[in-house]
Amino acid sequence: MQPEYNKTDIFRMKVMKFGGTSVGSVPSILSLKKIVEAEAERGPVVVVVSALDGITDKLIAMAHVAQQGSEEWRNDYEAIVYRHHQMIDAIITDESRRAAVLWKVDALFDQLQSICTGVFLIHDLSKKTEDAIVSYGERLSSNIVAGLIDGGMRMNSRDFIRTEKKNGKHVLDAELTTKLVREVWKSNEVPSGAVGRAIPVVPGFIARDRDSHETTNLGRGGSDYTAAIIAAALDADVLEIWTDVDGFMTADPKVIQSAYTINELSYVEAMELCNFGAKVVYPPTIYPVCIKHIPIRVKNTFNPEHPGTLIKDKIDDDLKPIKGISSIKGTTLITVTGLSMVGVIGVNRRIFTTLADRGISVFMVSQASSENSTSIGVRDEDADAAVEVLNEEFAKEIETGAMFPMQAESGLATIAIVGENMKHTPGIAGKLFGTLGRSGISVIACAQGASETNISFVVEGRFLRKSLNVLHDSFFLSEYKVLNLFICGIGTVGGMLLEQIRTQQQILMQKKRLKLNVVGISDVDNFVLDREGIDLNNYEKILRAGYPANTEHMRDEIVKMNIFNSVFVDCTASRQIATLYQTFLEHNISVVAANKIAASSDYDSYVKLRQTARDRGVYYRYETNVGAGLPIIGTINDLCNSGDKILKIEAILSGTLNFIFNEISADVPFSETVRRAKEQRYSEPDPRIDLSGTDVIRKLVILTREAGYKVEQDDVEKHLFVPNDFFEGSLDDFWRRLPELDADFEARRKVLEAEGKRWRFVATMEAGGDHQSTVKTSVALKEVPSTHPFYPLEGSNNIVLLTTERYREYPMLIQGYGAGAAVTAAGVFANIMSIANI
């Protein structure tokens, strides 16, 4: 009778498992040697290794080629031999040690060749034979590693890892395996692994059937499982999984650049992340060590100094409700539905039994409380078989109409947010679905267990990247918040904006944890898009190599990018660009516009843009449409939202016209002031837009609408100062004729100067008697006395007087720079930041 095991009879040890990438290249396997030998200096270790990276798949492929009777299998075999020989020659420099390893490895290759020759001759590949062939991957790699490390001694895992056959599959015989592991390690024939003694090297994955003694394996991820079994049987201090990543990440770093390593996870959190696509650790690995309270540390062979991720029972001082996000691509959702399901016991049992009998795994279940439908998530490759067997199982009910044929929707993705602290944090689910909704992402199905450790949901596959990014950003898993910007127009305002963003990017990253990622830039000739971000130090060169400018093409490509937290920034004066806003808002892309055409267009379009933004949970900002960087629109909004009523607006809204009428003098005629405004970039490229009052009319219309009144541009009374015929013909004609007005302006200016007055082009809005709906608007060149607030207005400044129910006796005054690229760009930047800070 075998004596009862006593854990004090053997040394406590560390079990170190190295995956395929850790033994798959010369640099990685030499790193393994250094890691193991250093660790053995500190205490006993056991090393478990996988096959060289990619070899398992090559062995399976070679076996099937041989089964088909193709001589090509010999080429595959020679390639596998060559790779192992090449590895040995590169890493083992001692001739006698290298010869010993080659002798063992070549003996294994002789056996492998004999088996494959038999398969080739009889054209038959049984499960037993395939298991035998696949086992050579770990048998070869373990001999190489044992020969490489000082003190390495290869052990045969088939001597102590036992499986039994259940339902046609080989599963671990845990009780017998634990007993054999302990016996082998206690026997005098096997070194303990203590300091200065031999280091056991165990091939992972492979096992032996307890009855037939045939070679079997532990299935996918079997090397992790082997290491966990040994660690649990020996009550090891820790199980280390060495791989090619620094540990568990908050999300897939290939999708989310800001993903980072999670320092600590509970066993439950790690299991949930593994089950939903995080391929760091094979899920069954966790169970043997979990029940023995043995921690798992995941580390990177290529970056051994990194602390990695520690998985243990309980995480101390854990404040984050969400630890990580994982996903499964290629999801098919199958819905079983019918009135006969309501209140009937056993329907779900039949669903899952039927699928289990066919070996189809279900990774998510969602059922309506009415019980008339159950949706199950399976992988795309299992979808057709699942639909077929379920239709067969419920054929009678479908025939009578009590149930409907199975409905399958493919091309989906399943996402899970994981964290044990979710159960202590109210509102997680609400925040989750709200965040997705604001990003235009519909949830097709969802599931959450009572443990509240995992919320799983299904979305369209095309929204996977966007979903992961927006959730990672929203739940503060990212080290910084990301705002993705499309900048349209790089003229005076757009170019200045890009420069302001460039100089602030690092500051915002450091102080605000905000990343402004410019993913698109366009001008009149080209546009360029890059979801990873455009280098603003070199954007002009990059832009020249972009797509030819085409508004519809640019719109379609931006929408197709489907990028999260995105903002389209319009720094043009283009009517065509303004027509894109509606599409962008409908696709959950916020809009910031210096371009005032959209907000001053027909009233119904203006209302629709604002309503769409509200409905889609995105933002339409256009503060710089009036007053450049002055807080005019925002102030009016604040007054109205707080219950005040705007009764009257008097404003000088054209920095260009104010500049012109401040510059005009006996020495500077009217035509020269217009030219100076153009040269100093106060006016539009075509100053007729400013002189016609069109720009001021648009601004007045916008302010009137923001004040709560319905108005169109045609409703504004116009009292202009330049004859209409000057606006006809070409721009060259305009510049040629403009001096014709100088004499008249000078004569009038002298009279004005004598009276102590100045010209100001004033926009006025005044509410009617009921001031609830009627309103009168006008623009006109007015003569203002020295006592008027508008009289001392200098340069290109703007000024606005707001008379409201609260500010009736003393109107509110807003004054400052109302034109210029720098202040306008700064206003646009402020709008962008207002979205970032929400």
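Just so it is clear, the model here is predicted, and its values are computed rather than measured. (Residues numbered from 1 in each chain as written. Predicted model: local features only at pLDDT ≥ 70, side-chain atom pairs only at ≥ 80, totals over all residues. Heavy atoms only, no water.)

Caption draft 1: Local environment of the overall build of the protein chain. When helices and strands are tallied, the protein chain shows 30 helices and 31 strands. Relative to its length of 838 residues, the protein chain is extended, with a C-alpha radius of gyration of 37 Å against a globular reference of 28 Å. For the protein chain, the proportion of its 838 residues judged to be buried stands at 53%. Within the protein chain, counting contacts between residues at least 6 apart in sequence, those at least 24 apart form 72% of the total. Roughly 37100 Å² of accessible area belongs to the protein chain as shown, and the carbon and sulfur atoms make up 49% of that amount. (Helix = DSSP H or I, 4+ residues; strand = E, 2+ residues; numbered from the N terminus. Rg over C-alpha atoms; globule rule 2.2 N^0.38 Å. Buried < 20%, exposed > 50% of the residue type's maximum accessible area, 1.4 Å probe, protein only. Contact = heavy atoms within 4.5 Å. Areas by Shrake-Rupley, 256 points an atom, 1.4 Å probe, with all protein chains shown as cover.)

Caption draft 2: Molecular detail of the sheet that holds strand β27 (residues 717-719). Pairing is mixed in the open sheet, where six strands are placed in the order β27-β29-β28-β26-β30-β31. Every interior strand has two partners, whereas the edge strands, β27 and β31 (812-817), have only one. On average, each strand axis in the sheet is inclined to that of its neighbour by 20°, with strand direction left out of account. The pairing of strand β26 (residues 646-652) with strand β28 (residues 757-767) spans four bridges and is classified as antiparallel. Bridging across to β28, E650 finds its partner in T764. (Pairing = 2+ DSSP bridges. Axes fitted to C-alpha atoms, helices over the stretch in contact; angles between N-to-C directions.)

Caption draft 3: Broad picture of the layout of surface pockets. Taken as a whole, the second largest pocket encloses approximately 1000 Å³ of empty space. If you go around the second largest pocket, you meet 49 residues; those closest to its centre are V493, C571, T572, A573 and E684. Within the lining of the second largest pocket, the residues separate by chemical class into 19 nonpolar, 21 polar and nine charged. (1 Å grid on protein atoms, 1.4 Å probe; cavity = no way out; pocket = protein on both sides within 12 Å on 5 of 7 lines; lining within 4 Å. Points joined across faces, edges and corners; volume = space filled by probe spheres on them. Nonpolar A, V, L, I, M, F, W, Y, C, P; charged D, E, K, R; others polar.)

Caption draft 4: Seen up close, empty space enclosed by the protein. Counted under the stated rule, the structure contains one cavity of 30 Å³ or more. Approximately 40 Å³ is the volume found for the largest cavity. Lining the largest cavity, in full, are F486, I487, C488, G520, I521, S522, F527, V528, L529, M554, I558 and F568. Elements with a contribution of two residues or more to the lining of the largest cavity: β19 (481-488), β20 (514-522), β21 (526-529) and α19 (551-561).

Caption draft 5: Region of interest: unusual backbone geometry. The backbone phi angle of D235 is positive, close to 50°, even though this residue is not glycine. Along the chain, the position of D235 falls in the loop between α9 (222-233) and β9 (238-243). Residue H293 is not a glycine yet carries a positive backbone phi of 60°. Mapping H293 onto the fold places it in the loop between α11 (286-290) and β11 (296-300).

Caption draft 6: Local environment of the sheet that holds strand β8 (residues 215-217). On the basis of which strands lie adjacent, the open sheet formed by four strands has the order β5-β4-β7-β8 and mixed pairing. Pairing within the sheet leaves two strands with one partner each, and these edge strands are β5 (169-172) and β8. For this sheet, the mean angle separating the axes of adjacent strands, direction not counted, is 55°.

Caption draft 7: Quick peek at the pairing of strand β12 (residues 309-312). Relative to β12, strand β10 (residues 264-266) runs parallel, the two sharing three bridges. Looking across to β12, one finds that E264 is bridged to L310. As paired elements, β11 and β12 share three bridges and run antiparallel to each other. Residue pairing in the sheet places I296 in a bridge with I311 of β12.

Caption draft 8: Highlighting the side chain of T215. With respect to the helices, strands and loops of the structure, T215 is situated in strand β8. Classification of T215 as buried rests on a relative accessible area of 15%. Engagement of the side chain of T215 in a polar contact is seen with the side chain of R158, the distance being 3.0 Å. Apart from the residues within four sequence positions on either side, T215 is in contact with D131, A132, S135, R158 and A207. (Polar contact = N/O pair within 3.5 Å; in protein donor to acceptor, adjacent residues only side chain to side chain.)

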